[in-house]
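# Structural overview
What follows is the residue order along each chain.
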Amino acid sequence: MSTRVMVLILAAPHDKTVDRVAVELTGRGVPVTRMDAADFPTSLRMAANFTPGSTGWAGTVAGKTEDGRRVRVDLADVTSIYYRHPTQFRLPEGMSGPERIFAYNEARRGFGGVLQGLDCLWVNDPVRTAAADYKPVQLVAASACGLHVPETIVANDANYAFAWAERLGRSFIYKPVGGIWHPEDSEIRMIYTERIEDPSLLKEGRLDLTAHMFQEWIEKVHEARAIVVGEQVFAFAIHTDSPAGRVDWRSDYDANRYEVVELPTAVRDGLVRLHRKLGLVYGACDLIRTPDGRWVFLETNTTGEFGWLEAACDVPIAKAIADLLERGNVA
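Just so we're clear, the structure is a prediction, and the values are computed from it rather than from any experiment. (Residues numbered from 1 in each chain as written. Predicted model: local features only at pLDDT ≥ 70, side-chain atom pairs only at ≥ 80, totals over all residues. Heavy atoms only, no water.)

A complete count under the given rule lists three cavities of 30 Å³ or more for this structure. In this model, the largest cavity occupies a volume close to 220 Å³. Lys175, Thr193, Glu223, Val247 and Leu298 are the residues nearest the centre of the largest cavity, which is lined by 17 residues in total. Size it by volume and the second largest cavity reaches roughly 60 Å³. Considering the residues around the second largest cavity, the lining is formed by Tyr82, Tyr83, Arg84, Val123, Asn124, Tyr282, Thr302, Thr303 and Gly304. The element that contributes the greatest number of residues to the lining of the second largest cavity is strand β6 (residues 80–84), accounting for three residues. Split by residue class, the lining of the second largest cavity holds four nonpolar, four polar and one charged. (1 Å grid on protein atoms, 1.4 Å probe; cavity = no way out; pocket = protein on both sides within 12 Å on 5 of 7 lines; lining within 4 Å. Points joined across faces, edges and corners; volume = space filled by probe spheres on them. Helix = DSSP H or I, 4+ residues; strand = E, 2+ residues; numbered from the N terminus. Nonpolar A, V, L, I, M, F, W, Y, C, P; charged D, E, K, R; others polar.)

Structure, rendered in structure tokens:
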């Protein structure tokens, strides 16, 4: 491993959240190379080698990015990788369906595998990210770390879900397990959290078609987003007077107001432990503050947004991420 610090950013070209971190790094004089997975293999050329007895891969990734920049990365110099929503590999035209499937898998395991084999810090490691993105996994891990979590079921059995809701005896919510963004035809549809009062509705739909997650409704003073960056936690109360926003603050951004808050030490430490347990160094956590003073963990978003909160409350989150990336594995 070279003693030179170099940060590789793998992200889509117009990600403004990444821009904030990149500007912070370049302002410090830290060498940064930014590329997107979509540039491989049509525009980027990888020439990598591993010598038995060495500590990692060497070689280069070089070429031209979609926005016309010439880039070159010496793999041995990479000390950190900022991995945030890179787009899919763009394969050459004229390939058959089976050829495209084969080429895509080879690119993923070849290009991706070499980068995974580097001795460097990932924010976040894509393998750990993929595992941590399962919400049922997060709930078990969060509870083990001492955090309050909602009573939850995952089911495609309508009778089971109905019996659970009847036993619960109060309102509950449905939320998609895979996040709010869902493609439908040529559009992107957003599926927000939905509050349900009548358990009989569970028998009227087609729950058998797939898995559904339901949770007890948690009465709230407000919701919050807590940004975990290594050992630091930046927390923000999200206040809203919107009926839709009281169920899911993401459904009515214009009605939201933000305030920096200090989490109790036990909650803060629990969030740090959770991310360490999941193998993450970054996460954007959603929480509820209840009228009796509890903080209830809902989920962590492994590449969750923070830019609008940083701008609204003047909190140095991009600086904290840049600090991690500059330190690399020393962190």
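With that out of the way, let us pick up the nonpolar core. Within the largest apolar cluster, 28 residues are counted, with the highest numbers of intra-cluster contacts made by Tyr82, Ile227, Val229, Phe306, Ile317 and Ile321. Counting only elements with at least two residues in this core, the list comes to β1 (7–11), α1 (16–27), β7 (121–123), β14 (222–229), β15 (232–240), β17 (282–289), α9 (307–313) and α10 (317–327). For this core, the element with the highest residue contribution is α10, accounting for seven residues. (Core = buried A, V, L, I, M, F, W, Y, C linked by side-chain atoms within 4.5 Å. Buried < 20%, exposed > 50% of the residue type's maximum accessible area, 1.4 Å probe, protein only.)

On to the pattern of salt bridges. As enumerated under the stated definition, the model contains 25 salt bridges in all. Between Arg195 and Glu219 there is a salt bridge, with the nearest N and O atoms lying 3.8 Å from each other. One end of the pair, Arg195, is in strand β12 (residues 194–196); the other, Glu219, is in the loop between β13 (212–216) and β14, and 24 residues separate them in sequence. For Arg195, a relative accessible area of 32% puts it in the partly exposed group. The class for Glu219 is partly exposed, based on a relative accessible area of 47%. (Salt bridge = Lys/Arg side-chain N within 4 Å of Asp/Glu carboxyl O.)

This part is about the packing of aromatic side chains. The final tally for this structure, using the stated rule, is 14 aromatic pairs. Relative to Trp122, the ring of Tyr83 has its centre 5.9 Å away and its plane inclined at 65 degrees; by these criteria the two rings are edge-to-face. A residue pair is termed long-range when its members are at least 10 positions apart, and Tyr83 in strand β6 and Trp122 in strand β7 qualify at 39 residues. Pairing Phe172 with Phe214 gives two aromatic rings, centres 6.0 Å apart and planes at 75 degrees, and the pair type is edge-to-face. A residue pair is termed long-range when its members are at least 10 positions apart, and Phe172 in strand β9 (residues 172–175) and Phe214 in strand β13 qualify at 42 residues. (Phe/Tyr/Trp six-rings, centres within 6.5 Å; stacked < 30°, edge-to-face > 60°.)

Counting all residues, the mean pLDDT for the protein is 92, and 96% of those residues have values of 70 or more. By mean pLDDT, strand β10 (residues 181–184) is the weakest element of the protein at 66, and helix α8 (residues 265–278) is the strongest at 98. (pLDDT = per-residue confidence, 0-100.)

The subject of this paragraph is the sheet that holds β17. Within a sheet, adjacent strands bond to each other through the backbone by hydrogen bonds, running parallel or antiparallel. The sheet built from five strands is open, its strands ordered β16-β15-β14-β17-β18 with antiparallel pairing. The strands lining the two open edges of the sheet, one partner per strand, are β16 (256–261) and β18 (295–301). Ignoring strand direction, the axes of neighbouring strands in this sheet form an average angle of 25 degrees. Pairing geometry for β15 and β16, over six bridges, is antiparallel. (Pairing = 2+ DSSP bridges. Axes fitted to C-alpha atoms, helices over the stretch in contact; angles between N-to-C directions.)

This part takes up helix α2 (residues 97–116). With 20 residues, α2 extends 27 Å between its outermost C-alpha atoms, agreeing within 8% with the 28 Å of an ideal straight helix rising 1.5 Å per residue. Where α2 is concerned, the buried positions are Ala103, Ala107, Phe111, Val114 and Leu115. Considered in projection along α2, the buried side chains sweep an arc of 100 degrees and stay on one side of the axis. With respect to the buried face of α2, the exposed residues turned more than 90 degrees away are Pro98, Ile101, Phe102 and Arg109. Lining the buried residues of α2 we find β1, β3 (44–49), β4 (58–64), β6 and β7. (Expected span 1.5 Å × (residues − 1). Arc of directions from axis to C-beta. Contact = heavy atoms within 4.5 Å.)

Right, let's get into the layout of surface pockets. In this structure, the largest pocket occupies an estimated 1,600 Å³ of space. In this structure, the largest pocket is lined by 49 residues; those nearest its centre are His85, Thr129, Asp133, Thr302 and Thr303. The set of elements that each furnish at least two residues to the lining of the largest pocket consists of α1, α2, α3 (126–132), α4 (135–144), β18 and α9. Among the elements that make up the lining of the largest pocket, the one with the highest residue count is α2 (seven residues). Its residues assigned to classes, the lining of the largest pocket comprises 21 nonpolar, 18 polar and 10 charged.

Further remarks concern the packing of α1 against α10. Across the interface, α1 lies against α10 with an axial gap of 9 Å and an inter-helix angle of 60 degrees. When the interaxial angle is binned, α1 and α10 end up oblique. The interaxial crossing formed by α1 with α10 has right-handed handedness. Mapping the contact onto sequence places Arg20, Val21, Glu24 and Leu25 in α1 and Ala318, Lys319, Ile321, Ala322 and Leu325 in α10. Here the contact of α1 with α10 is built from residues that sort into six nonpolar, no polar and three charged. (Parallel < 35°, antiparallel > 145°, perpendicular 65-115°, else oblique. Left-handed = near helix turned anticlockwise from the far one by under 90°.)

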